[in-house]
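# Residue-level structure breakdown
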Amino acid sequence: MSANEDCIFCKIIDGEIPSAKVYEDEDVYAFLDISQVTKGHTLVIPKAHVKNIYQTDEDIASQLFARVPKICQAIEKSFKPKGINILSNTGELAGQSVFHLHLHLIPRYDQTDGFNPKWVTHNDDYSSEDLAEIANLISQNI
Ligand code: 5GP
Ligand code: ZN
């Protein structure tokens, strides 16, 4: 396990900082986000310290996401939200404030429940050729 001594989430995993634990196994830890954007807002983190998705290998990603359905199902059973947003902020501009990979599970109750992402569409700005070019570039870099 690669703990980082400056990382608050590593400290939470080690029990140095208390948390409201939802789930734990040998690879993954889940606990309530202190901000509770909506009721039941949960963070799911790998026990290995990786900064964000850019540093994450397939094993860690598989272990992490494998636990997400059962935790979401438990949130659904507990609070009967109308939906859940699953989100990972990567990089400061994208809203990442803790640099240990985490997935936010944000139960959704209604339009004014506290989570309000603004989703601007730009369908008219891109031709199918533009889309093919963008897809090609990303594809070549995989
Ligand atoms: P980010 O902004 O990086 O996507 O998310 C980090 C999240 O960690 C924030 O939503 C913040 O509320 C949560 N957080 C920060 N410090 C603590 C803490 O000490 N305990 C808990 N439970 N959550 C924390
Ligand atoms: Zn960490």
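Going by the structure above, here's the rest.
First, a word on scope: everything that follows refers to the structure included in this document.

Reading guide: rules and limits
Residues numbered from 1 in each chain as written. Chains lettered and ligands numbered in written order. Predicted model: local features only at pLDDT ≥ 70, side-chain atom pairs only at ≥ 80, totals over all residues. Heavy atoms only, no water. Helix = DSSP H or I, 4+ residues; strand = E, 2+ residues; numbered from the N terminus. Buried < 20%, exposed > 50% of the residue type's maximum accessible area, 1.4 Å probe, protein only. Polar contact = N/O pair within 3.5 Å; in protein donor to acceptor, adjacent residues only side chain to side chain. Phe/Tyr/Trp six-rings, centres within 6.5 Å; stacked < 30°, edge-to-face > 60°. Pairing = 2+ DSSP bridges. Axes fitted to C-alpha atoms, helices over the stretch in contact; angles between N-to-C directions. Contact = heavy atoms within 4.5 Å.

### Structural notes on unusual backbone geometry
Unlike most non-glycine residues, Gln36 shows phi in positive territory, near 40°. Residue position: Gln36 is located in the loop between β2 (28-32) and β3 (42-46).

### Remarks on the environment of Asp130
With respect to the helices and strands, the residue Asp130 is situated in helix α4 (residues 128-140). What makes Asp130 partly exposed here is its relative accessible area of 30%. For the pair formed by Asp130 and Glu16, sequence separation is 114 residues and the distance between their alpha carbons is 50 Å. A polar contact of 2.9 Å, which involves the side chain of Asp130, links it to the backbone nitrogen of Ser127.

### With respect to the packing of aromatic side chains
This model, assessed by the stated rule, comprises two aromatic pairs. For the ring pair Phe9 and Phe31, a centre distance of 5.3 Å and an interplane angle of 80° mean the geometry is edge-to-face. In this pair, Phe9 is assigned in helix α1 (residues 8-14) and Phe31 in strand β2, connecting sequence segments 22 residues apart. Residue classification places Phe31 among the buried positions, given a relative accessible area of 3%. Arranged with centres 5.8 Å apart and planes meeting at 45°, the rings of Tyr29 and Phe31 form a pair that is tilted. Residue Tyr29 shares its accessibility class with Phe31, and that shared class is buried.

### Focus on the sheet that holds β3
With respect to topology, five strands assemble into an open sheet ordered β1-β2-β3-β5-β4, the strand pairing being antiparallel. Every interior strand has two partners, whereas the edge strands, β1 (21-24) and β4 (83-87), have only one. For this sheet the average axis-to-axis angle between neighbouring strands, irrespective of direction, equals 20°. This element, helix α2 (residues 58-66), spans β2, β3, β4 and β5 (103-108) of the sheet and lies at about 150° to β3.

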